[in-house]
Amino acid sequence: MPQGSTPDWKPRVIVFCCNWCAYAGADLAGVSRFRITPHFRVVRTMCSGRVDPELILEAFVHGADGIMVAGCHPGDCHYLEGNYRAMRRVRFLQSLLGGMGIEPERLSLEWVSAGEGVRFGEVIDAFVGKVMALGPSPLGSGSKKIAKGTEVEGTPARTAEAAGA
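Residues numbered from 1 in each chain as written. Predicted model: local features only at pLDDT ≥ 70, side-chain atom pairs only at ≥ 80, totals over all residues. Heavy atoms only, no water.

(A) Here's a closer look at helix α1 (residues 22-31). Here α1 has its buried residues at A22, G25, A26 and A29. The buried residues of α1 occupy one face: seen down the axis, they fall within an arc of 100°. Along its buried surface, α1 packs onto β1 (13-18), β3 (66-71) and α4 (117-134). (Buried < 20%, exposed > 50% of the residue type's maximum accessible area, 1.4 Å probe, protein only. Helix = DSSP H or I, 4+ residues; strand = E, 2+ residues; numbered from the N terminus. Arc of directions from axis to C-beta. Contact = heavy atoms within 4.5 Å.)

Written out as structure tokens, the structure reads:
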């Protein structure tokens, strides 16, 4: 059993899917009734290139154990270059995560076309399996999430009320 996990632990995986390819591939997998692990949630985006790095970091802070960005194959982007933008962003974020103490393998980028329902299931199962082997995120189910009036690493958050405003 991975370090920090309990016998009943289930990974929290978020998959940002491009509307034109990966989401359609997910839909094909669903209507074809392919068996896929249930431990993921899809967030539909218009393009993989529109997934802001801040969304990914925020998802980790709020308890995601793994995040996948799934888009059109290079050269097939509905918006021409969005998938190349996603590729650069994910590569950058993986290096950033390593410096934050989060395994870079917890962030993945995959190419799935609208007709690749089987491939969608395969990449999801493989990624969720990898996340399960890694165990819970070092951030631990949002334990360090930053919220109004909470403390993070011993420093009280400044709020309007605390500032006397």
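Next comes the rest of the write-up.
(B) How the structure looks around α4. Across its 18 residues, α4 extends 26 Å between first and last C-alpha, which sits within 8% of the 26 Å expected from 1.5 Å per residue. Within the sequence span of α4, burial applies to G117, F120, G121, V123, I124, F127, V128 and V131. Buried residues belonging to α4 abut β1, α1, β3 and β4 (107-111). Directly after α4, the chain includes G135, whose backbone phi takes a positive value near 90°. (Expected span 1.5 Å × (residues − 1).)

(C) Region of the structure containing the pairing of strand β2 (residues 41-45). One ladder, built from five bridges, connects β1 with β2; its direction is parallel. Looking at β2, one finds that I14 is bridged to R41. For the crossover from β1 across α1 to β2, the handedness is right-handed. (Pairing = 2+ DSSP bridges. Right-handed = clockwise from strand over helix to strand, strands pointing away.)

(D) Representation of the packing of helix α2 (residues 53-61) against helix α3 (residues 82-99) in the model. In the contact formed by α2 and α3, the axes pass within 10 Å of each other and the chain directions differ by 35°. The handedness of the crossing between α2 and α3 comes out as right-handed. On α3, the residues touching P53, I56, L57 and F60 of α2 are R89, L93, L96 and L97. Its residues assigned to classes, the contact of α2 with α3 shows seven nonpolar, no polar and one charged. (Axes fitted to C-alpha atoms, helices over the stretch in contact; angles between N-to-C directions. Left-handed = near helix turned anticlockwise from the far one by under 90°. Nonpolar A, V, L, I, M, F, W, Y, C, P; charged D, E, K, R; others polar.)

(E) Spatial organisation of the pairing of β4. Direction of pairing for β3 relative to β4: parallel, over a ladder of five bridges. Bridge assignment links A70 to a residue of β4, and that residue is E110. Chirality of the crossover, the property in question, places the unit of β3, α3 and β4 among those that are right-handed.

(F) Representation of the nonpolar core within the structure. Of all hydrophobic cores here, the largest spans 16 residues; its most connected members are V13, V15, C17, F40, M68, F120 and I124. Here this core gets six residues from one element, more than from any other, and that element is α4. Apart from residues no more than four positions distant in its own chain, F40 is found in contact with V13, V15, F120 and I124. Ranked by size, the runner-up nonpolar core spans 14 residues in total, among them F16, A59, V69 and I102. (Core = buried A, V, L, I, M, F, W, Y, C linked by side-chain atoms within 4.5 Å.)

(G) Spotlight on a nonpolar patch on the surface. Judged by side-chain polarity, W20, M46 and Y79 come together as a nonpolar surface patch covering roughly 300 Å² of accessible area. Tracing the sequence through the fold places Y79 in the loop between β3 and α3. The class of Y79 is partly exposed, set by a relative accessible area of 39%. (Patch = residues over 30% accessible without salt bridge, like charges linked within 9 Å, V, L, I, M, F, W, Y side chains within 5 Å. Areas by Shrake-Rupley, 256 points an atom, 1.4 Å probe, with all protein chains shown as cover. Salt bridge = Lys/Arg side-chain N within 4 Å of Asp/Glu carboxyl O.)

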